[in-house]
Amino acid sequence: MSIAAMNPFLGELIQTNVTGVTCNWIQRADYQISPVATSNTAVLVLTTLTSLVQTITTGITNPDVVRNVVAKGAIVTSIGNVIVTGTDYAGAVLSETIALSGTNVVAGLKAFATVTQIALPISSGAGDGVSVGLGSKLGLPYTLTKNTIGKAYNNNVLEATNPTVTVDAINICNNTVTLATTLAGNVVDICLDIPG
């Protein structure tokens, strides 16, 4: 028989040695995932653009873990907006617009759990197309008001450089962490404090 998971959001206080002075109870969490390497085509392979806006709903592969997506044009003149729709960590509908910049890989900022639809712009010339892939921003399963990440490990090795963290107290899709080292399908541990 299992017991219910501890809930750190009940506002528990800890007594101190000073009468009338308390501190917030903070729990340390080890968020563990195994994200595959970044890719320009993992969500949607290179798709030819046409003279009309296309809405793609088939041939889409969901992210392996909750993370951001990237878009890449096929030719140097690729322009226009790629609109990615799906769901966030909590299952809410999420949409993000990524502006193409030629053949540069343009990273989205939001963390997607699923991708259900991708709207592609019109072609800007012969050979134009778009692919959508996986970025390096990993979604966190918490809405945070401040950066509480203490350590991060990639393949059981402590990161020498602190990860880049984005927090948002309201929208879970905007809570992300980016490691300094390369993702390669290894176990990643994100150690963070969760205030009560």
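Below is a short write-up of the structure.

Calculation notes
Residues numbered from 1 in each chain as written. Predicted model: local features only at pLDDT ≥ 70, side-chain atom pairs only at ≥ 80, totals over all residues. Heavy atoms only, no water. Helix = DSSP H or I, 4+ residues; strand = E, 2+ residues; numbered from the N terminus. Buried < 20%, exposed > 50% of the residue type's maximum accessible area, 1.4 Å probe, protein only. Contact = heavy atoms within 4.5 Å. Lys, Arg positive; Asp, Glu negative; His and termini not counted. Salt bridge = Lys/Arg side-chain N within 4 Å of Asp/Glu carboxyl O. Polar contact = N/O pair within 3.5 Å; in protein donor to acceptor, adjacent residues only side chain to side chain. Pairing = 2+ DSSP bridges.

**What about the environment of glycine 139?**
Part 1 of the reasoning: Considering the arrangement of structural elements, one finds glycine 139 in strand β11 (residues 129-139).
Part 2 of the reasoning: Taking relative accessible area as the criterion, glycine 139 reaches 1% and is therefore assigned buried.
Part 3 of the reasoning: Spatially, the C-alpha atoms of glycine 139 and threonine 166 are 9.6 Å apart, while their sequence positions differ by 27 residues.
Part 4 of the reasoning: Sequence-distant contacts of glycine 139, that is, excluding residues within four places in its chain, are made with Tyr31, Val66, Arg67, Tyr89, Ala111, Asn175 and Thr176.

**Observations concerning the side chain of aspartate 168**
Part 1 of the reasoning: Along the chain, the position of aspartate 168 falls in the loop between β14 (164-166) and β15 (176-178).
Part 2 of the reasoning: One buried charged side chain, aspartate 168, makes no salt bridge at all; its nearest oppositely charged neighbour is lysine 110, positioned 6.8 Å away.
Part 3 of the reasoning: Only 2.8 Å separates the side chain of aspartate 168 from the backbone nitrogen of isoleucine 170, close enough to count as a polar contact.
Part 4 of the reasoning: There is a polar contact of 3.0 Å between the side chain of aspartate 168 and the backbone nitrogen of asparagine 171.

**What to know about the sheet that holds strand β3 (residues 26-33)**
Part 1 of the reasoning: Pairing within the open sheet is antiparallel, and its four strands lie in the order β3-β16-β12-β13. Each edge of the open sheet is held by one strand with a lone partner, namely β3 and β13 (157-158).
Part 2 of the reasoning: Pairing geometry for strand β12 (residues 149-154) and β13, over two bridges, is antiparallel. Each residue of the ladder has a partner; that of tyrosine 153, found in β13, is leucine 158.

**Section: unusual backbone geometry**
Part 1 of the reasoning: The phi angle at asparagine 155 is positive, at roughly 60°, despite the residue not being glycine.
Part 2 of the reasoning: Residue asparagine 155 is classed as partly exposed on the basis of its relative accessible area of 42%.
Part 3 of the reasoning: Positioned with a positive phi, asparagine 156 is a non-glycine residue whose angle comes to about 65°.
Part 4 of the reasoning: Its place among the elements puts asparagine 156 in the loop between β12 and β13.

**Remarks on the pattern of salt bridges**
Part 1 of the reasoning: This structure, assessed with the given rule, holds two salt bridges.
Part 2 of the reasoning: With a closest N to O distance of 2.6 Å, aspartate 193 and arginine 28 form a salt bridge. Of the two residues, aspartate 193 sits in strand β16 (residues 188-195) while arginine 28 sits in strand β3, which places them 165 residues apart along the sequence.
Part 3 of the reasoning: The class for aspartate 193 is partly exposed, based on a relative accessible area of 23%.
Part 4 of the reasoning: Taking the shortest distance from any N to any O, the salt bridge between arginine 67 and aspartate 64 comes out at 2.8 Å.
Part 5 of the reasoning: Arginine 67 sits in the buried class, given a relative accessible area of 0%.
Part 6 of the reasoning: The exposure class of aspartate 64 is partly exposed, given its relative accessible area of 36%.

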